[in-house]
Amino acid sequence: MSQTLVSVIMPVYNTGKYLCGTIDSVLRQTYANFELILVDDGSTDGSGKICDEYAAKDSRVVVYHKKNGGICDARNYGMVKARGEYITFCDHDDLFLPDLLSVSVKVAEEHDADVVKWGRRIVHGDNSKERVIVSKFFSILQREDLKDMLLDLIAKKDFGLPFGVRWNGIYRKRLMDNYEVIFDTGRKHGGEDFDFNIKLLPYIKNMVLIKDILYVHIVRPNLSVSAKYYDDVMDNFLVEYKKVHSVLLHLGCDFKLHPAYRWFYAKAISSYVVYGLKMGKNKEDVINGLHSFRKGVELDSKCTFFRFSRYVGLSQWILLYFIYVFFQKRFFNGIYGILYFVNKYIK
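Residues numbered from 1 in each chain as written. Predicted model: local features only at pLDDT ≥ 70, side-chain atom pairs only at ≥ 80, totals over all residues. Heavy atoms only, no water.

**Some points on the packing of helix α3 (residues 71-81) against helix α8 (residues 192-200)**
Under the convention used in this document: All axes are obtained by fitting lines to C-alpha atoms, using only the stretch in contact for helices, and the reported angles, taken between N-to-C directions, cover 0 to 180 degrees. The helix count covers DSSP runs of H or I at least four residues long, the strand count covers runs of E at least two residues long, and both are numbered beginning at the N terminus. Note on terminology: angles under 35 degrees are roughly parallel, angles over 145 are roughly antiparallel, angles of 65 to 115 are roughly perpendicular, and the others are oblique. Put simply, a crossing is left-handed when the front helix is turned counterclockwise from the back one by less than a right angle, and right-handed when it is turned clockwise. In what follows, residue pairs with any heavy atoms lying within 4.5 Å of each other are defined as contacts. Only Asp, Glu, Lys and Arg are considered charged in this grouping, and only Ala, Val, Leu, Ile, Met, Phe, Trp, Tyr, Cys and Pro are considered nonpolar; every other residue, Gly among them, is considered polar.
One can describe the packing of α3 onto α8 by two numbers: an axis separation of 11 Å at closest approach and a directional angle of 40°. Looking at the two axes, α3 sits oblique to α8. Where α3 crosses over α8, the two elements pack in a sense that is right-handed. Contact residues: Ile-71, Cys-72, Arg-75 and Met-79 in α3; Glu-192, Asp-193 and Phe-196 in α8. Across the contact of α3 with α8, the residue classes break down as 4 nonpolar, no polar and 3 charged.

This is the structure we're talking about:
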C-alpha cells in the first residue's frame, strides 16, 4: 500500500442534510493514507458541529473553523493547512466514489505526474438527468503536449475535462506552493476553477488523463451559485479569454492565426453579449464593456478576421444580440457554427 499522503480539502458552509453523505463517501475510500480537511467557513446551520463530531471519532478528519470569507478563501485556507504530497478537493454536497484516491495515487506515482485528472458523473438533484464527462483515452501529457492540447480544446470548444473544474483531479502540492497558485477570492459566482487550472498550467511538467469515473457532482439549484446571473460571471467570458491568451503566450504557442483561436475570440464576445441579454443589460453597457475589452487585447493585424472584427465587430455582436432576442437559442447556436466556419476560412 502506498504511503503517499493525500490531503482532501472540503470547504463547508450551511450544507445541511447533504454534509454527512459527502463526508462518509470520503471516509469510505479504499486508500488509507489521507487527511480530510474540513474548513467550516462560518456556518450558521449546525454544519460546523457535524464537522466536529466526525473529527472526534475519526483521526483522519481535521476541522478548522473560520470567519466566513467565501468558498475560494476557504479552499486557500485548506491548502495552507494541507500536509499531503498531493491535494484534491471535494464540494460539500458531492460524492467521492470508493476507489478515487487509490486509483489516482497509483497513476500519479507510476508516472510521476504533477496532475491526474479523472472522469466524473453529473447528476441533477431531482434525478431528472445525468451525464458523464470522461477522457476517451488514457493519456500522458508532457509540457509540449499541453500546448497542443490547449489549442485543440479551444477548437473543440471544450475546456471541461482538464481545466473546467478542480474536483476532478489530484494536484502535486509543491507545484502550487512553488508558484503561489491559489484561488481568486474575488470570484464569488463561479469561474474560479478554470482560473485556478489555467494559472497552474504553465508549470505542469506531466499530466495524466484517465478514463475512470471517480467523482459524482450533484447539481442542486438551491446551493449552486452558477444557477443565477451575476455581473462578475458576465465579465468572466472576457477575462477567461485574456487568461488563455496570456497562457498561450507564456507557453510560446504560435496561435494568433490559428482558426480555433479566432473562433475562441468570437465566442468570448458572443457569450458576453448573450449573457448580458439574459441579465437585462442595456445596449450601452454591453458596448462599453466590449470597448474596454478590445483596448486590452493585442490582436494580429495580419489577420483579416481580426482587422474586420476590430472595425465592424461591435455592430456584429449587437446584431447577434437582437437575433437572440427574436429567435432564441436554437437559432443563435447556429450563428456560432457560422462564426466558426468564417473564422476557419478567412485568412
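**Quick look at the confidence of the model for the protein**
Which entries qualify depends on this criterion: Values of pLDDT, the confidence the predictor places in each residue, fall between 0 and 100.
On average, residues of the protein carry a pLDDT of 79, and 74% of them reach 70 or more. Note that pLDDT drops below 50 for residues 324-333; the model gives that stretch 11 contacts with residues more than four away or on any other chain. Note on residues 339-347: pLDDT under 50 across the span, and 20 contacts to partners over four residues away in sequence or across chains.

**Thoughts on the environment of Glu-240**
Note the cut-off: Think of it in three bands: with a 1.4 Å probe and only protein chains considered, a residue is buried below 20% of the maximum accessible area for its type, exposed above 50%, and partly exposed in between.
If you trace the backbone, Glu-240 turns up in helix α9 (residues 231-251). Residue Glu-240 is classed as partly exposed on the basis of its relative accessible area of 22%. C-alpha separation for the pair Glu-240 and Ala-268, spaced 28 residues apart in sequence, amounts to 8.2 Å. Not counting chain neighbours up to four residues away, the residues in contact with Glu-240 comprise Arg-187, Gly-191, Phe-194 and Phe-264.

**Some thoughts on the pairing of strand β6 (residues 115-124)**
Rule in force here: Here, a strand pair is defined by DSSP locating no fewer than two bridges between the strands.
With respect to burial, β6 is a largely interior element, 8 of its 10 residues being buried. As paired elements, β6 and strand β9 (residues 169-172) share 3 bridges and run antiparallel to each other. Each residue of the ladder has a partner; that of Lys-117, found in β9, is Gly-169. For β6 and strand β10 (residues 206-219), the ladder comprises 9 bridges, and the chain directions are parallel. Its bridge partner lying in β10, Val-123 is registered against Ile-218. Pairing of β6 with strand β7 (residues 130-133) involves 4 bridges; the strand directions are antiparallel. Bridging across to β7, Ile-122 finds its partner in Arg-131.

**Regarding the nonpolar core**
Generally speaking, nonpolar side chains in soluble globular proteins are found buried as a group. Threshold: To form a nonpolar core, buried Ala, Val, Leu, Ile, Met, Phe, Trp, Tyr and Cys residues must be joined to one another through side-chain atoms within 4.5 Å.
Core analysis: the biggest nonpolar cluster contains 48 residues, and Leu-150, Leu-201 and Met-207 have the highest contact counts within it. In this view, Leu-201 contacts Leu-146, Leu-150, Phe-163, Val-247 and Leu-251; residues no more than four positions away in its chain are not counted.

**Considering helix α4 (residues 100-111)**
As a reminder of what qualifies: To estimate the expected span of a helix, subtract one from its residue number and multiply by 1.5 Å. Directions drawn from the helix axis to the C-beta atoms are what define this arc.
Taking 1.5 Å as the rise per residue, α4 with 12 residues should run 16 Å; its terminal C-alpha atoms sit 17 Å apart, in good agreement. Along α4, the residues classified as buried are Leu-100, Leu-101, Ser-104, Val-105, Val-107 and Ala-108. Down the axis of α4, the buried set is contained in an arc of 160°. They therefore lie on one face. Looking at α4, the residues exposed on the side facing more than 90 degrees away from the buried face are Lys-106 and Glu-110. Asp-112 sits one or two positions beyond α4 and adopts a positive phi of about 45°.

**Here's the deal with α8**
Because each turn of an α-helix spans 3.6 residues, side chains separated by three or four positions in sequence point in the same direction. For α8, the buried fraction is high: 8 of the 9 residues fall into the buried class. Inspection of α8 places Glu-192, Asp-193, Phe-194, Asp-195, Phe-196, Asn-197, Ile-198 and Leu-200 among the buried residues, and these make up the whole buried set.

**Here we look at the environment of Lys-66**
Filter applied, for reference: Each polar contact in these results corresponds to two N or O atoms within 3.5 Å; when the atoms are within protein, one needs to be able to donate a hydrogen and the other to accept it, and residues that are neighboring in sequence are counted only if both atoms are side-chain atoms.
Among the secondary structure elements, Lys-66 is positioned in the loop between β3 (61-65) and α3. Look at Lys-66 and you get buried, because its relative accessible area is 15%. A C-alpha to C-alpha distance of 5.3 Å links Lys-66 and Asp-41, two positions 25 residues apart in sequence. The contact partners of Lys-66, leaving out residues within four places of it in the chain, are Val-39, Asp-40, Asp-41, Gly-42, Asp-73, Ala-74 and Tyr-77. At 2.8 Å, the side chain of Lys-66 forms a polar contact with the side chain of Asp-41.

**Considering the packing of aromatic side chains**
Where we set the bar: Each Phe, Tyr or Trp ring (for Trp, its six-membered ring) is paired with any other whose centre lies within 6.5 Å, and the angle between the two planes then decides the class: stacked below 30 degrees, edge-to-face above 60, tilted in between. Note on criteria: charge over ring means Lys NZ or Arg CZ within 6 Å of the ring centre, with the direction from the centre no more than 35 degrees off the ring normal.
Scanning all chains against the criterion turns up 9 aromatic pairs. Look at Tyr-179 and Tyr-203: their rings are 3.9 Å apart centre to centre, the planes differ by 10°, and that puts the pair in the stacked class. Taken together, the residues span a long stretch of sequence, with Tyr-179 in helix α7 (residues 173-179) and Tyr-203 in the loop between α8 and β10 at a distance of 24 residues. Judged by its relative accessible area of 42%, Tyr-179 falls in the partly exposed class. An aromatic cluster is defined as three or more aromatic residues linked by ring pairs; in this entry it consists of Phe-89, Tyr-171, Phe-183 and Phe-196. Residue placement shows Arg-75 over the ring face of Phe-183; its charged tip is 5.2 Å from the ring centre.

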